[in-house]
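Read off the chains here:
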Amino acid sequence: MNLFRRKSVTDLQAEALTDHSLKRALGAVNLTALGIGAIIGTGIFVLTGTVAAQNAGPAVVLSFVLAGVASVFAALCYSEFASLVPMAGSAYTYGYATLGELFAWIIGWDLILEYAVGAITVAIGWSGYVVSFLHDFGINIPPALSAARGTHLIDIPAALAPLVSAKVGWIVSSASLLDQIKAAGTDPTALSHVTTILNLPAVFIIFVVTTLLVVGIKESANFNNLIVLVKVAVVLLFILGAAYAIKTANWHPFIPANTGQSGHFGWSGVMTGAGIVFFAYIGFDAVSTAAQEAKNPQRDMPIAIIGSLLVCTALYILVSAIATGVVPYGLLDVPDPIAVAADRAGMGWMGRLIKFGAIAGLSSVILVMLLGQSRVFYSMARDGLLPPFVSRVHPRFRTPWLTSIVTGIGVAIFSAIFSVRDAGSLCSIGTLLAFVIVSVGILVLRVREPNLPRKFKTPWVWFVAPAGALSALTLMAALPWPTWRRLIVWFIIGIVIYFFYGVRRSNLAQPPRV
């Protein structure tokens, strides 16, 4: 039993030329938009406020810088791999070509969880923005169907809302809110209360995105291109419209003093914040999962990976700086921090437009994450590590339709009942682990096969690759223990499946045909 058997790069290149099961329909613009579609979303519209309020303060800007630097190192390594091995599967396929089957399984299993949890988290955030946006127009989702199962909601009347600094209508109940209601002279038990059953908007968006992915990659990419234009325009509108309202006093202290608990402000808070916002940088990893559907992967994949990363990092830094300059960082721990900043800046009707942009942005993130997960499933099944039906391609649409549907159903179920806290921080640690393996793998490949023709070569590889691995490991170490515990449990489940099924059914385990 050889746990480190590898697929040779030359075999993978030959397979890429002859395997036409997936349609090569994406150019550099489509692929770059795919990356931007994944990167601009939760990071800007949700995590900016959360990390500023709980971890880094105004220094959330530094958290994005650190995450961006680590991502650039990894992106250069990804670009060389993607041009060498233009196949679906991303870091899973790269690990198979360099470190061997066991490592490939580990990273593939990690990516499956990473994309699924990411899609669940973003769908829940999408639901929150949709409920708020529709409420602005007098349309109210039935409260029992508007949030994660078991969430307690309370109906705030118009006369009470300004006294407790809350919006009119159904909002999440909390101990502090109940205390404010009492202080305002109202008995909380006299107000209407509801315990939610399921998150219907989250289920709806997963259904829509799954349908798009089944119908076809080109149709999905066209939809994504449109959405990317909308949300980039909205982000730029916020930057231009809110910059004048910055109060530099809100940036002092830039790095708030640590509270005595690691990860809560101070430099440890900046590092923890960088680890958390890595959730947002899964986008260029998702680009590489679509390599088998690129028209000219050797040229277009490096352009898309590096281009999408640089554009989005610049936007993240600008938006986080403006948001913390307009609103004191302690007030940004809300589901819609950019909308709050737009309101504080007096942007008026633009606040609604910001919410619409967030809805559009989160929609495209869900699309890219579900696309990425189904392609990793497809690649693992094609290699024999998962049952063959997983890689079955639709005869008309030429998409891995069964995988897309099964993934969509699973994500929809958990999106209906989980809260954002439940779905939480696994994406960041999964992305970082992928970065470590790719950074190490590119060095291994340079040693094992130095003469391979490389259309794109990682510059200063003996500095860039180790820097990518070390920076990712540093950010992993800054993440809290519960995140590590969940990753370890998922890892153990994966190892059991591999040794009971994959290790014997793998294509590389089969005797050569005579």
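Since the model is a prediction, treat every value here as computed from it, not as a measurement.

Asks: Which residues make up helix H4 (residues 60-84), and what are the values?
Replies: Counted at 1.5 Å a residue, the expected span for H4 with its 25 residues is 36 Å, and the 36 Å between its end C-alpha atoms agrees. With 20 of its 25 residues buried, H4 lies for the most part within the structure.

Asks: How would you sum up the packing of helix H8 (residues 200-215) against helix H14 (residues 349-382)? Please name residues and give values.
Replies: Their axes nearest at 10 Å, the elements H8 and H14 cross at an angle of 55°. By the angle between their axes, H8 is oblique relative to H14. Crossing hand, H8 versus H14: right-handed. Residues Ile-205, Ile-206, Val-209, Thr-210, Leu-212 and Leu-213 of H8 pack against Ser-363, Ile-366, Leu-367, Leu-370 and Leu-371 of H14.

Asks: I'd like a rundown of the pairing of strand E1 (residues 152-156), residues and numbers included.
Replies: Sheet topology note: the E1/strand E3 (residues 193-195) ladder contains 3 bridges and is antiparallel. From the neighbouring strand, His-152 faces E3, where its bridge partner is Thr-195. One ladder, built from 4 bridges, connects E1 with strand E2 (residues 169-172); its direction is antiparallel. By the bridge assignment, Ile-156 is partnered in E2 with Gly-169.

Asks: Any details on the sheet that holds E3? Residues and values, ideally.
Replies: Ordered by their spatial adjacency, 3 strands build an open sheet running E2-E1-E3, and the pairing between neighbours is antiparallel. For this open sheet the edge positions go to E2 and E3, each flanked by a neighbour on one side alone. Adjacent strand axes in the sheet meet at a mean angle of 30° when their direction is disregarded.

Asks: Kindly report on the packing of aromatic side chains, identifying the contributing residues and their values.
Replies: Enumeration according to the criterion identifies 9 aromatic pairs in this entry. Taken together, a centroid distance of 5.8 Å and an interplanar angle of 90° make the contact between Phe-73 and Phe-463 edge-to-face. Within this pair, whereas Phe-73 is found in helix H4, its partner Phe-463 is found in helix H18 (residues 461-477), the two being separated by 390 residues in sequence. On the accessibility criterion, Phe-73 (17% relative accessible area) is buried. Where Trp-109 meets Trp-490, the ring centres are 4.4 Å apart and the plane angle is 10°; that geometry is what we call stacked. With Trp-109 in helix H6 (residues 101-136) and Trp-490 in helix H19 (residues 481-505), this pair connects stretches of sequence that are 381 residues apart. Under the relative-accessibility criterion, Trp-490 is labelled partly exposed at 22%. An aromatic cluster of three or more residues is present, and its members are Trp-105, Trp-109, Trp-490, Tyr-498 and Phe-499. Positioned over the ring face of Phe-137 is Arg-352, at 4.8 Å from the centre of the ring.

Criteria and cut-off values
- Residues numbered from 1 in each chain as written.
- Predicted model: local features only at pLDDT ≥ 70, side-chain atom pairs only at ≥ 80, totals over all residues.
- Heavy atoms only, no water.
- Helix = DSSP H or I, 4+ residues; strand = E, 2+ residues; numbered from the N terminus.
- Expected span 1.5 Å × (residues − 1).
- Buried < 20%, exposed > 50% of the residue type's maximum accessible area, 1.4 Å probe, protein only.
- Axes fitted to C-alpha atoms, helices over the stretch in contact; angles between N-to-C directions.
- Parallel < 35°, antiparallel > 145°, perpendicular 65-115°, else oblique.
- Left-handed = near helix turned anticlockwise from the far one by under 90°.
- Contact = heavy atoms within 4.5 Å.
- Pairing = 2+ DSSP bridges.
- Phe/Tyr/Trp six-rings, centres within 6.5 Å; stacked < 30°, edge-to-face > 60°.
- Lys NZ or Arg CZ within 6 Å of the ring centre and 35° of its normal.

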